[in-house]
Amino acid sequence: MTTQIFTAVLVVVFFAIMVAVGLYSKKHATNVDGFVLGGRNVGPWLTAFAYGTSYFSAVIFVGYAGQFGWNFGVSSTWIGMGNAFIGSLLAWLILGKRTRTMTHHLSSKTMPDFFEKRYSSKGLKIAASIIIFIFLIPYTASLYNGLSSLFNLAFDVPYAVCILVMAVFTGVYVIFGGYMATAINDFIQGMVMLVGIVAVVLSVLNKNGGLAESLEALANHSNGGAEYTSLFGPNPVFLLVVVLLTSLGTWGLPQMIGKFYAISNNSAIKKGTIISTVFAVIVAGGCYFLGGFGRLFVSADAVKAGGFDIIVPSMISELSPYIIGIVIVLVLSASMSTLSSLVLASSSTLTLDMIKGHIVKSMTEKKQVLIMRV
């Protein structure tokens, strides 16, 4: 079976499952609370995977893993560990219970809504709404960019087609099922990401005979050096800055903090903390560890000509058709999970915090849900 046929079958099955979940979840999205927060009754597994898949998108797998792996070697794995223990574990410990308690107490459904009620400031609410809606747009664009490079590798599909297909199928399940459809699909997509990253890392290491042999090859490679196999890499200070930047920056992202609004209870937060951290260790740690071996597969001239985004696609281009197919679905999962969270955060903010009460003075629950879907 060729790469294209196997991958096409996987992608079709994947899209069919996503749409089916959207239709199944429609019953949970009949009112605003259900559409935006899943009725505030989402369990620890769905919430933890929703948090993790919103965190780790195609940008990390294709862009960051290649860029930081190239610059720091295998020490870039520390970025993944920082994401796991600072961006996930610490965020859940400090923000999880507090955020759930406060948002329940204030009956707030979005971050701008929380700001208004917590600080009695309608201006703060409007400002936050504008910031969220505007700046999530380039974030969304970066997802499409990461996806297109791998789809071009597998199918030679034009960039515009990738955008259209991904947007349509993500839109279908978010429009029908709202937050619950997003959470269930995030769980499925998260499982794909876990299996995919493990399979890819093992396959790439096997190309050079295993872990020890790959490290030795990187240390002795004309394009590498011993500093790229060292514990803290060639530039430890810059590495620390990247760890903090990619780990702490997520604490304020509305599409991620919103997961704490929807989780069912404090017991679920304790379980979700562990699940989310383990997920991040495997996915983020695996992505950056994989990128650390990029110098074995791509020349400096090629990177200079094509940019860092060519590194990971080049690494997997010579793997088996089955692994390439899994990688395509992995990146698709990472992209769609993050995209669905961004879309839901944008639409709820635009509708509930900007249109309702400002542009349209009186809106029924049914009309609010309709506008969010539109």
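The structure displayed is predicted, hence computed values, not measured ones.

Caption draft 1: Layout of the layout of surface pockets. Approximately 340 Å³ is the volume attributed to the largest pocket. Of all the elements in the fold, those that place two or more residues in the lining of the largest pocket are α4 (58-72), α7 (122-155) and α10 (236-248). Sort the elements by how many residues they give to the lining of the largest pocket and α4 lands first, with 4 residues. Along the lines of polarity and charge, the residues of the lining of the largest pocket split into 10 nonpolar, 5 polar and no charged. Approximately 260 Å³ is the volume found for the second largest pocket. If you trace the second largest pocket, you find 15 residues lining it, with Val343, Ser347, Met372, Arg373 and Val374 closest to the centre. Put simply, the parts of the chain that give the lining of the second largest pocket at least two residues each are α7, α8 (159-206), α15 (321-355) and α16 (365-373). No other element matches α15, which puts 5 residues into the lining of the second largest pocket.

Caption draft 2: Representation of a nonpolar patch on the surface in the model. A grouping of Ile126, Ile130, Ile131, Phe133, Ile134, Phe135 and Ile137 is seen on the molecular surface, where their side chains present a nonpolar patch of about 630 Å² in accessible area. Assignment of secondary structure puts Ile131 in helix α7.

Caption draft 3: Local environment of empty space enclosed by the protein. Enumeration over the complete set of coordinates arrives at 2 cavities of 30 Å³ or more. Volume-wise, the largest cavity comes out at about 200 Å³. Lining the largest cavity are 16 residues, and of these Pro254, Gln255, Gly258, Ala345 and Ser348 sit closest to its centre. If you list the elements that add at least two residues to the lining of the largest cavity, you get α2 (32-37), α11 (254-262) and α15. Within this model, the second largest cavity holds a volume of roughly 50 Å³. Broken down by secondary-structure element, the contributors of at least two residues to the lining of the second largest cavity are α4, α8, α12 (266-291) and α15.

The rules behind each value
Residues numbered from 1 in each chain as written. Predicted model: local features only at pLDDT ≥ 70, side-chain atom pairs only at ≥ 80, totals over all residues. Heavy atoms only, no water. 1 Å grid on protein atoms, 1.4 Å probe; cavity = no way out; pocket = protein on both sides within 12 Å on 5 of 7 lines; lining within 4 Å. Points joined across faces, edges and corners; volume = space filled by probe spheres on them. Helix = DSSP H or I, 4+ residues; strand = E, 2+ residues; numbered from the N terminus. Nonpolar A, V, L, I, M, F, W, Y, C, P; charged D, E, K, R; others polar. Patch = residues over 30% accessible without salt bridge, like charges linked within 9 Å, V, L, I, M, F, W, Y side chains within 5 Å. Areas by Shrake-Rupley, 256 points an atom, 1.4 Å probe, with all protein chains shown as cover. Salt bridge = Lys/Arg side-chain N within 4 Å of Asp/Glu carboxyl O.

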